[in-house]
Amino acid sequence: MQNNPNITPCLWFDDQAEAAAQFYTSVFRNSTIIHISRYGEAGQQIHGKTAGTVMTVSFELDGQPFTALNGGPTFKFNEAISFQVFCDTQEEVDDYWQKLSAGGDETAQQCGWLKDKYGVSWQIIPRILIELLNHPDAATSQNVTTAMLQMKKIEIDELKRVAASSRSAHP
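Residues numbered from 1 in each chain as written. Predicted model: local features only at pLDDT ≥ 70, side-chain atom pairs only at ≥ 80, totals over all residues. Heavy atoms only, no water.

## Quick look at the pattern of salt bridges
Counted according to the given criterion, the structure contains seven salt bridges. The closest approach of N and O atoms between E79 and K115, which form a salt bridge, is 3.0 Å. With E79 in the loop between β4 (64-70) and β5 (82-87) and K115 in strand β6 (residues 113-115), this residue pair connects regions lying 36 residues apart in the sequence. We note a salt bridge from K153 to D94, for which the minimum N-O separation is 2.9 Å. With K153 in the loop between α5 (138-149) and α6 (156-169) and D94 in helix α3 (residues 90-101), the pair connects residues that are 59 residues apart, well separated along the chain. (Salt bridge = Lys/Arg side-chain N within 4 Å of Asp/Glu carboxyl O. Helix = DSSP H or I, 4+ residues; strand = E, 2+ residues; numbered from the N terminus.)

This is the structure we're talking about:
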């Protein structure tokens, strides 16, 4: 038995798989569309798609493989699944936030989470947030958590300010 350690998320779209793959590969560096497969005549009574239309798009985002499937309107994305994008700088946070949130649901923006124009949920996470949430000083961790819960897009300078004021208040 062959062990295949690769896990590839498959994103189900109505008919936007190719456009979504093109969008995502434009957002993330080192990303590419690998292959596009098309529906044929076989199984048309089941899938209902016109022969020649896009069935799946295989693509990579910064080395992570994905598949986008045009499966029809049966299923919709929700927040139960999201993709985490870890960032080192505020510039990275701002860039990913601006690109991925464009045309998305603004009411879904909270605590670094956003929904893109296809309904896919993303978490844009500065690495320092994880460090501060796991800070050994409980007051610092709690104050950073409180600040984060009030944010839509995570602001690194504000997190640092809250953490510093927590440490100076509790020496």
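## Describing the layout of surface pockets
Regions of empty space are outlined by a rolling probe, equal in size to a water molecule, passed over the atoms. The volume enclosed by the largest pocket comes to roughly 310 Å³. Mapped by element, the contributors of at least two residues to the lining of the largest pocket are β4, β5 and α3. When residues in the lining of the largest pocket are grouped by element, the largest group, four residues, is from β5. Here the lining of the largest pocket is composed, by residue class, of eight nonpolar, two polar and four charged. By volume, the second largest pocket amounts to about 150 Å³. Together, C10, L11, W12, K76, F77, N78, A80, I81, F83, V120 and S121 line the second largest pocket. The leading source of residues in the lining of the second largest pocket is strand β1 (residues 10-13), at three residues. The residue makeup of the lining of the second largest pocket, split by class, is eight nonpolar, two polar and one charged. (1 Å grid on protein atoms, 1.4 Å probe; cavity = no way out; pocket = protein on both sides within 12 Å on 5 of 7 lines; lining within 4 Å. Points joined across faces, edges and corners; volume = space filled by probe spheres on them. Nonpolar A, V, L, I, M, F, W, Y, C, P; charged D, E, K, R; others polar.)

## Remarks on the UniProt feature "domain: PhnB-like" (unreviewed entry) in the chain
With numbering matched to this structure, UniProt assigns "domain: PhnB-like" (unreviewed entry) to residues 6-125. Strand forms 33% of residues 6-125 and helix 22%; the C-alpha atoms that close the span are 24 Å apart. (UniProt positions renumbered as here; feature names shortened; annotations may be inferred.)

## Digging into unusual backbone geometry
Phi at N30 takes a positive value of approximately 55°, unusual for a residue other than glycine. You can see N30 is positioned in the loop between α1 (17-27) and β2 (32-38). For N30, a relative accessible area of 64% translates into the label exposed. (Buried < 20%, exposed > 50% of the residue type's maximum accessible area, 1.4 Å probe, protein only.)

## Remarks on the nonpolar core
Counting residues in each nonpolar core, the largest one holds 27 residues, and the members touching the most others are Y24, L100, W122 and I124. Of all elements in the fold, only β1, α1, β3 (54-61), β4, β5, α3 and β7 (121-126) reach the threshold of two or more residues within this core. One finds V144, I154, V162 and A163 within the second-largest nonpolar core, a separate group that totals twelve residues. (Core = buried A, V, L, I, M, F, W, Y, C linked by side-chain atoms within 4.5 Å.)

## Some words on the sheet that holds β7
With mixed pairing, three strands are arranged side by side in an open sheet as β5-β7-β6. Each edge of the sheet is formed by a strand with only one pairing partner; in this case those strands are β5 and β6. For this sheet the average axis-to-axis angle between neighbouring strands, irrespective of direction, equals 25°. (Pairing = 2+ DSSP bridges. Axes fitted to C-alpha atoms, helices over the stretch in contact; angles between N-to-C directions.)

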